[in-house]
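# Summary of structural features
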Amino acid sequence: MTSFTSRISGFHRLDVAGRLARLVETGVLSEDASGHLTAGGVVPVSAVDKMSENVIATQALPLSVALNFRVNQEDVLVPMAVEEPSIVAAASNAARLVRIAGGFTGEADRPVMTAQVQLDDVPDAASAPAKVEARKDRLIAAANDAIPRMVQRGGGCVDLDVRVLDEAAGVVVLHFYVDVGDAMGANLVDTVAEAVAPKVQEAIGGEIGLRILSNLPLRRMVRVSARVSAEALGGDEMAERIVRASRFAELDPFRAVTHNKGVMNAVDAVAVALGQDWRSIEAGAHAYAALQGGYKPIAVWRRTDDGVEGTIEMPLAVATVGGSTRAHRGVEAAFEILGTRDAQKLAVVMAAAGLACNFAALKALAGEGIQKGHMRLHHRKAEAEQARRRELEERR
Ligand code: MEV
């Protein structure tokens, strides 16, 4: 990551050109990326035509930068693409308070994705785990034969396990765990699942069913924590209120889902800016929230001696290669701003942004309420809407 400070004072008061100029001054942007952004970040339709089907145009979102983030002792500018006012400001404000106490610390697991292979009508399903165990090495070798280039790069299938989902109906599912490097890994694990299915069938019998990744990659977790002092919060009472707000989410799924939505406000915004599969990230986050029975918050805040400490834990499958990460100039520019192409570091930054937004929401809700700050920013959006209406009327 970059070695400059992410604490750029007065950034939000500059106009768009001024903000870009400040980013260029920091040296994070190549000439190509700064040229692209200075021209408004417009991607030609001819480029996106190859990304999807029946393309008729592009749909632009604001690309912003969240400031003040310090993650594992390194400053980082966090690109975010999102239309909801207050997310970028909330993340930046929370990161400013967290950095006073040293910043975010975290770690991401090795990038291990899960491939599922379903077998139906398996005879004597109860004996399937033992039969698979006896052939485990051969099955892992078959998985690796399907993805030789990933194995050469240091990844590949590292483990497998078996789950009997319905013994009477003979429904058995195997999970193949594949280190996918800096990729999101969907294509790789789908390749593995399709390649190994006949070998699994040989081992345990039955009919081959689905062969597809799971969007709940429990071996690809990220964990981040952060502290904020009571002093920075204006006193112990505010610290107490934040912890009570967090506890509310632990007690009530109706609150937990809104609490988690606040986390995902930032996670998704970073994901969109960086061309990630945000649908899979969303699916994984909510499945994880519901994994232990009931629906729980993925980030929680507790009291410390001198303030509060927050922790977030979630599965996070992110990529710095493949997909649109090198095929979209705007996404490439966002990666330059982020300053890393290491998928594990990206996961930690995304989770830190999620924890920051969650903290900002709880602080606002536990204090003056969310509406005051929101309304100020919505007012700005309303001004933009009015300008657009005027433009349309003038054209008539
Ligand atoms: C709004 O986009 C997000 C919040 O509702 C999150 C929360 O309530 O914690 C403010």
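Keep in mind that this is a model prediction, so the values were computed, not measured.

## Let's talk about the sheet that holds strand β7 (residues 207–213)
Picture the strands of a sheet paired through backbone hydrogen bonds; they go either parallel or antiparallel. Ordered in space as β5-β6-β4-β7, the 4 strands form an open sheet in which the pairing is antiparallel. Strands with a single pairing partner mark the edges of an open sheet, and in this sheet they are β5 (156–166) and β7. Each neighbouring strand pair of the sheet contributes to a mean axis angle of 20°, computed without reference to strand direction. Here β5 runs beside strand β6 (residues 171–179); their pairing, made up of 9 bridges, is antiparallel. When the bridges of β6 are listed, Leu160 appears paired with Phe176. Sitting on the sheet, helix α6 (residues 136–145) touches β5 and β6, and the angle it makes with β5 is about 120°. Across the sheet, helix α8 (residues 186–204) is in contact with β4 (112–120), β6 and β7; its angle to β7 comes to roughly 160°.

## Things to note about the sheet that holds strand β3 (residues 105–108)
Strand order in the open sheet made by the 4 strands is β3-β8-β10-β9, with antiparallel pairing throughout. Two strands bound the open sheet, and with one partner strand each, they are β3 and β9 (299–304). Taking each pair of neighbouring strands and ignoring which way they run, the sheet shows an average axis angle of 15°. Alignment of β3 against strand β8 (residues 221–229), held across 4 bridges, turns out to be antiparallel. Following the sheet pairing, Gly106 is matched in β8 by Val224. On top of the sheet, helix α9 (residues 236–251) reaches β9 and β10 (307–315); it is set at about 145° to β9, its chief contact.

## Brief notes about the site of the ligand
Within the structure, the ligand sits among Glu84, Arg255, Thr258, His259, Lys261, Gly262, Asn265, Ala361, Leu365 and Ile370. One of the side-chain nitrogen or oxygen atoms of Glu84 is found 2.7 Å away from an oxygen atom of the ligand. Contacts to the ligand include Asn265, whose side-chain N or O atom sits 2.9 Å from an oxygen atom. Protein chains bury 85% of the 300 Å² of accessible surface belonging to the ligand in isolation. Elements represented by at least two residues in the shell around the ligand include exactly α10 (253–273) and α13 (343–366). Considering each element in turn, the shell around the ligand owes the most residues, 6 residues, to α10.

## Things to note about the domain arrangement of the protein chain
Parsing the protein chain into structural domains produces domain 1 (11–108 + 221–369) and domain 2 (112–214). Spacing between the C-alpha centres of domain 1 and domain 2 amounts to 34 Å. In total, about 490 Å² of surface goes out of reach between domain 1 and domain 2, with carbon and sulfur atoms giving 63% of it. Counting every contact that joins domain 1 to domain 2 gives 0 salt bridges. There are 3 residue pairs in polar contact (both at pLDDT 80 or more) connecting domain 1 and domain 2. Taken together, the residues that form the side of domain 1 that touches domain 2 break down as 5 nonpolar, 2 polar and 3 charged.

## Here's the deal with the side chain of Asp159
Relative to the assigned elements, Asp159 resides in strand β5. Within the structure, the side chain of Asp159 is placed 3.0 Å from the side chain of Arg219, a separation counted as a polar contact. When near neighbours in sequence (up to four residues on either side) are disregarded, Asp159 contacts Lys136, Ile140, His175, Phe176, Tyr177 and Arg219.

## A few points about the side chain of Ser225
Looking at where Ser225 falls in the secondary structure, it is placed in strand β8. Relative accessible area serves as the criterion here: at 17%, Ser225 is assigned to the buried category. Leaving out residues up to four positions away in the same chain, Ser225 has contacts with Gly103, Phe104, Thr105, Glu309, Gly310, Thr311 and Leu355.

## Observations regarding the pattern of salt bridges
For the structure shown, the criterion picks out 19 salt bridges. The partner of Glu74 in a salt bridge is Lys345, and the shortest N-O contact between them spans 3.7 Å. Separated by 271 residues along the polypeptide, Glu74 in strand β2 (residues 74–81) and Lys345 in helix α13 bring together distant segments of the chain. Taking the shortest distance from any N to any O, the salt bridge between Arg219 and Asp159 comes out at 3.0 Å. One end of the pair, Arg219, is in the loop between β7 and β8; the other, Asp159, is in strand β5, and 60 residues separate them in sequence.

## What to know about the packing of α10 against α13
The N-to-C vectors of α10 and α13 enclose an angle of 135°; their axes lie 8 Å apart at closest approach. With respect to α13, the axis of α10 lies oblique. For α10 against α13, the interelement crossing comes out right-handed. Residues Arg255, His259, Gly262, Val263, Ala266, Val267, Val270 and Ala271 of α10 lie in contact with α13, whose contacting residues are Leu346, Met350, Ala353, Gly354, Cys357, Asn358, Leu362 and Leu365. Class assignment of the residues belonging to the contact of α10 with α13 gives a composition of 11 nonpolar, 4 polar and 1 charged.

What counts and how
- Residues numbered from 1 in each chain as written.
- Predicted model: local features only at pLDDT ≥ 70, side-chain atom pairs only at ≥ 80, totals over all residues.
- Heavy atoms only, no water.
- Pairing = 2+ DSSP bridges.
- Helix = DSSP H or I, 4+ residues; strand = E, 2+ residues; numbered from the N terminus.
- Axes fitted to C-alpha atoms, helices over the stretch in contact; angles between N-to-C directions.
- Contact = heavy atoms within 4.5 Å.
- Near = heavy atom within 4 Å.
- Polar contact = N/O pair within 3.5 Å; in protein donor to acceptor, adjacent residues only side chain to side chain.
- Areas by Shrake-Rupley, 256 points an atom, 1.4 Å probe, with all protein chains shown as cover.
- Domains from an automatic or database assignment.
- Buried area = accessible area lost by both parts, 1.4 Å probe.
- Salt bridge = Lys/Arg side-chain N within 4 Å of Asp/Glu carboxyl O.
- Nonpolar A, V, L, I, M, F, W, Y, C, P; charged D, E, K, R; others polar.
- Buried < 20%, exposed > 50% of the residue type's maximum accessible area, 1.4 Å probe, protein only.
- Parallel < 35°, antiparallel > 145°, perpendicular 65-115°, else oblique.
- Left-handed = near helix turned anticlockwise from the far one by under 90°.

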